[in-house]
Amino acid sequence: MKNKVRIAFFADPHIKHRKIQSQTDFGAPSKWLPRKAIRALNDIKPNYIFGLGDLTATGHKKDWQGYKRWVQKLEAPVFDLMGNHDRDYTIFQSHNYGEGFFTVLGRVSATKAVKIGNLIFILISEEHDPEGNKKLLTSTVPLRTFEFIEKILKKYSPDHNIFVLSHTLLRGTTALSNDWSFNDINDWKTISERFFQLFEKYPVVAHLTGHAHIDYRYRAKLKDIGEKKYKQKVGKFINGKDFESLPNTHFLNMPCVDTAHGWIGSNFALLRKLGKATAKAKRSPFRWLYIQLEEKGPPIFDILYTSKIHYILGRPAVYYLDVVPGKDTIKIITRWVGKNKDTEQYNVDLKIPIELGITPHAEVISTALSLQNKENLQITRDNWFQIPASKKGWGIFSQRFTKMRELIGIKVDAKNLEDYTVWWQGSTTKGKTWTTEWTRTFSELGKVNAVKIKVEFQAEKSPAKIKDIIIKTKKPAS
């Protein structure tokens, strides 16, 4: 069909180092998994591809270089978001808060909205503090991000089909949603409820996530689900309207490219519990030992995966759907990476029939200000971050605009902030190139379609809490 648009999805490739390899539990990284995923995604022949986070293993610059090489082998434009592995993954592996997503890949905004016809895809990147620090969240979605989501929903939900894409599955939805990594903490329960409140208020077709490294065929046993009211939620795709406790939204937890990571935790409940318990310690010996062992030895996973043992090791998968004008349903099709063949499908009900227009294309319609790098900024949940009492901290932020804009300053929504200083860089190429020098005078930049700022903060005698930073611009001429 002439105007049909095909969209593919992948989750959790966990690219490790500069080579195109995926992180494993034990043994050298896997070459097999990411290369098979490239073949499967290209054979689908999509017009666009969305990545649902954990693009890298640790967020190190070398990992981003490897992910860039992997993405360059895909034959369609990629829109991706950041998961918990894409920031500073653990207290033993703190690097630069996923700076390579911006500097190596050239992304300007990690959280954004993309429009294709009358379909809107809202990509939500998580903020993250090193795992193992029990005083702070491991991964979070701050209030400012929910305000961004609601702004898009309020404007577009009446006459568009909305899809929300993020990394971590919401509690009480699909299989293992209450029991994977940090999903069992009260903070993530609060975050899940905030998503649900938005989905109740505005019509949302589907919420797509990754994060849980389990076989695409996985069907949880009732005892794995936990709370009785959720006991019927088995499998990875469900329709929320079938459950009294959920909004009328499809919840699609995408199985991952990298089934070699998390395989032990997903298949052996006792070890998963041990890992959870020790990871809450500030210096987790279990996590330290795991990190020391995970890349040692021969490529065990690749050796084993050449046989029929994939039935035990798990089947990695990617997904795709066809957007066809006039249709009021779409089919999410599972493609098993190993055999490069379609295996399962799930029907998704749309809110209104599809319209694509004469020349359908993907358009970034809005972006949020993204934190590129930081020092002495502590990520929180309700606020965006905080600076310790009487201390200084700095952050580098960036944002892309849909049209050329003239800058008029910034607004910092904060409490207990003594002072802050701002340096500016601009771009007229949507972030592909930047002005070479930082300037304290934003008017020197003229009109830009992307901006980068470095802000140095000074806290008062109490910790400074930063709720939001807003880049102020003149409205573009209509």
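Starting afresh in each chain, residues are numbered from 1 along the sequence in its written order. Local features in this predicted model are restricted to residues of pLDDT 70 or higher, and side-chain atom pairs are both shown and tallied only at a pLDDT of 80 or more, whereas totals for entire chains, interfaces and linings draw on every residue. Hydrogens are left out, water is left out, and the side-chain values use all remaining heavy atoms of the structure.

J.: Even after reading the chapter, I still don't get the overall build of the chain, so can you show me in this structure?
T.: Strands are runs of DSSP state E lasting at least two residues, helices are runs of H or I lasting at least four, and both sets are numbered from the N terminus onward. A count of helical and extended segments in the chain gives eleven helices and 22 strands. Between the two quantities, the radius of gyration covers C-alpha atoms and the globule rule is 2.2 Å times the number of residues to the power 0.38. Expected size for 478 residues packed as a compact globule is a radius of gyration near 23 Å; at 22 Å, the chain falls within 12% of this value. Seen through its C-alpha atoms, the chain measures out along the principal axes to roughly 65 × 55 × 45 Å. Within the chain, the fraction of its 478 residues that count as buried is 61%. Buried means the residue's accessible area, taken with a 1.4 Å probe over protein chains only, is under 20% of the maximum for its type, while exposed means over 50%, and partly exposed covers the values in between.

J.: Is there a simple way to think about a positive patch on the surface in this case?
T.: In this analysis, a patch consists of residues with relative accessible area above 30% that form no salt bridge, clustered at 9 Å for like charges and at 5 Å for the nonpolar side chains Val, Leu, Ile, Met, Phe, Trp and Tyr. Throughout, the Shrake-Rupley method with a 1.4 Å probe supplies accessible areas, and for residues the shown protein chains are the sole cover considered. Should a side-chain nitrogen of Lys or Arg be within 4 Å of a carboxyl oxygen of Asp or Glu, the pair is scored as a salt bridge. Here Asp and Glu are counted as negative and Lys and Arg as positive; His is not counted, and neither are the chain ends. The atoms used to mark charge sites are NZ of Lys, CZ of Arg, CG of Asp and CD of Glu. The grouping of Lys19, Lys31, Arg35, Arg69 and Lys73 at the surface amounts to a positive patch. Its location among the elements puts Arg35 in helix α1 (residues 32–44).

J.: I tried to follow the confidence of the model for the chain on my own but got confused; where do I start?
T.: This prediction gives the chain a mean pLDDT of 88; 90% of its residues lie at or above 70. Confidence of the predictor at the level of single residues is captured by pLDDT, which takes values from 0 to 100. Contact definition: two residues touch when any of their heavy atoms are within 4.5 Å. This stretch, residues 222–226, has a pLDDT under 50; its non-local contacts, to residues over four places away or in other chains, come to ten contacts.

J.: Would you take a moment to explain the sheet that holds strand β14 (residues 341–349) for this structure?
T.: The strands making up a sheet associate through backbone hydrogen bonding, with each pair oriented either parallel or antiparallel. A pair of strands is considered paired only if DSSP assigns at least 2 bridges between the two. Here we have six strands laid out as an open sheet, ordered β3-β2-β1-β12-β13-β14, and mixed in their pairing. Two strands lie at the open edges of the sheet, namely β3 (78–80) and β14, each paired on one side alone. The sheet shows a mean angle of 25 degrees between the axes of neighbouring strands, taken without regard to direction. Relative to β14, strand β13 (residues 329–336) runs antiparallel, the two sharing eight bridges. In the sheet register, Arg335 faces β14, and the bridge partner there is Asp342. As a rule, the C-alpha atoms of each element are fitted with a line to give its axis, helices using only the stretch in contact, and angles between N-to-C directions run from 0 to 180 degrees.

J.: Even after reading the chapter, I still don't get the pattern of salt bridges, so can you show me in this structure?
T.: Pairs can form between side chains of opposite charge once their charged atoms are near each other. Applying the stated criterion to the full structure yields 13 salt bridges. Here Glu127 and Arg87 are joined by a salt bridge, their closest N and O atoms 3.5 Å apart. Placement of the pair is Glu127 in strand β6 (residues 127–128) and Arg87 in the loop between β3 and α3 (100–103), with a sequence separation of 40 residues. For the residue pair Glu127 and Arg87, the accessibility class agrees, reading buried in each case. Residues Asp468 and Arg144 are paired through a salt bridge, measuring 2.9 Å at the closest nitrogen-oxygen approach. Of the two residues, Asp468 sits in strand β22 (residues 464–473) while Arg144 sits in helix α4 (residues 143–156), which places them 324 residues apart along the sequence.

J.: Can you walk me through the packing of aromatic side chains in this structure?
T.: Two measures describe an aromatic ring pair: the distance that separates the ring centres and the angle between the ring planes. Aromatic rings from Phe, Tyr and Trp, taking only the six-membered ring of Trp, are treated as a pair when their centres fall within 6.5 Å; an angle between ring planes under 30 degrees marks them as stacked, one over 60 as edge-to-face, and anything in between as tilted. Enumeration according to the criterion identifies 22 aromatic pairs in this entry. Both rings, one in Phe10 and one in Trp70, keep their centres 4.9 Å apart while their planes meet at 80 degrees; by these two values the pair is edge-to-face. Taken together, the residues span a long stretch of sequence, with Phe10 in strand β1 (residues 5–10) and Trp70 in helix α2 (residues 61–72) at a distance of 60 residues. As far as burial versus exposure is concerned, Phe10 and Trp70 are alike and both buried. Through pairs of rings, three or more aromatic residues link up here, namely Phe9, Tyr48, Phe50, Phe79, Phe121 and Phe163. To sit over a ring, a charge needs its Lys NZ or Arg CZ within 6 Å of the ring centre and within 35 degrees of the ring normal. Stacked on the ring of Trp336, the Lys or Arg Arg315 has its end atom at 3.9 Å from the ring centre. Just above the ring of Trp434 sits the side chain of Lys452; from NZ or CZ to the centre is 4.8 Å.

J.: When you look at the nonpolar core in this model, what are you seeing that I'm missing?
T.: Nonpolar side chains tend to gather and get buried jointly when the protein is soluble and globular. In this structure, Phe121, Phe163 and Leu165 are the most contacted members of the largest nonpolar core, which totals 43 residues. Looking at this core element by element, the count peaks at four residues for strand β12 (residues 317–323). Leave out the neighbours within four places in its chain, and Phe121 touches Ile7, Phe9, Phe50, Lys112, Ala113, Val114, Ile116, Phe163 and Leu165. Only buried residues count toward a nonpolar core, which is a set of Ala, Val, Leu, Ile, Met, Phe, Trp, Tyr and Cys residues joined through side-chain atoms within 4.5 Å.

J.: For this particular structure, what's the right way to read the packing of α4 against helix α5 (residues 186–201)?
T.: How two helices sit against one another is set out by the angle between their axes and by the gap between those axes. Orientation of α4 relative to α5, taken along the N-to-C sense of each, is 15 degrees, at an axis distance of 11 Å. When the interaxial angle is binned, α4 and α5 end up roughly parallel. In the packing of α4 onto α5, the handedness of the crossing is right-handed. Of α5, the residues touching α4 (which contributes Leu143, Phe146, Ile149, Glu150 and Leu153) are Ile191, Arg194, Phe195, Leu198 and Lys201. Lys, Arg, Asp and Glu make up the charged group, whereas Ala, Val, Leu, Ile, Met, Phe, Trp, Tyr, Cys and Pro make up the nonpolar group; the residues left over, Gly among them, are polar. Here the residues of the contact of α4 with α5 sort into seven nonpolar, no polar and three charged. For classification purposes, an angle smaller than 35 degrees is called roughly parallel, one larger than 145 roughly antiparallel, one from 65 to 115 roughly perpendicular, and anything else oblique. A clockwise turn of the near helix away from the far one marks a right-handed crossing, whereas an anticlockwise turn of less than a right angle marks a left-handed crossing.

J.: Mind showing me how you'd approach a nonpolar patch on the surface here?
T.: A cluster of nonpolar side chains, namely Phe26, Trp288, Leu289, Leu293, Ile300 and Leu304, defines an oily patch on the protein surface of about 530 Å² accessible area. Considering each element in turn, the nonpolar patch owes the most residues, three residues, to helix α9 (residues 285–293). Tracing the backbone shows Ile300 in helix α10 (residues 300–304). Overall, Ile300 belongs to the partly exposed group, its relative accessible area being 37%.

J.: Looking at this model, I keep getting lost on the pairing of strand β2 (residues 48–51). Mind explaining?
T.: On any regular strand, side chains alternate: one points to one face of the sheet, the next to the other face. Residues Tyr48 and Phe50 point to one face of β2 and Ile49 and Gly51 to the other, with burial holding for every one of them. With strands facing away from the observer, any crossover in which the path from the first strand over the helix to the second runs clockwise is taken as right-handed. Following the chain from β1 across α1 to the adjacent parallel β2, one finds a crossover that is right-handed. Sheet topology note: the β2/β3 ladder contains three bridges and is parallel. Paired with Phe50 across the strands is Phe79, a residue of β3. On the question of chirality, the crossover connecting β2 to the parallel β3 by way of α2 is right-handed.

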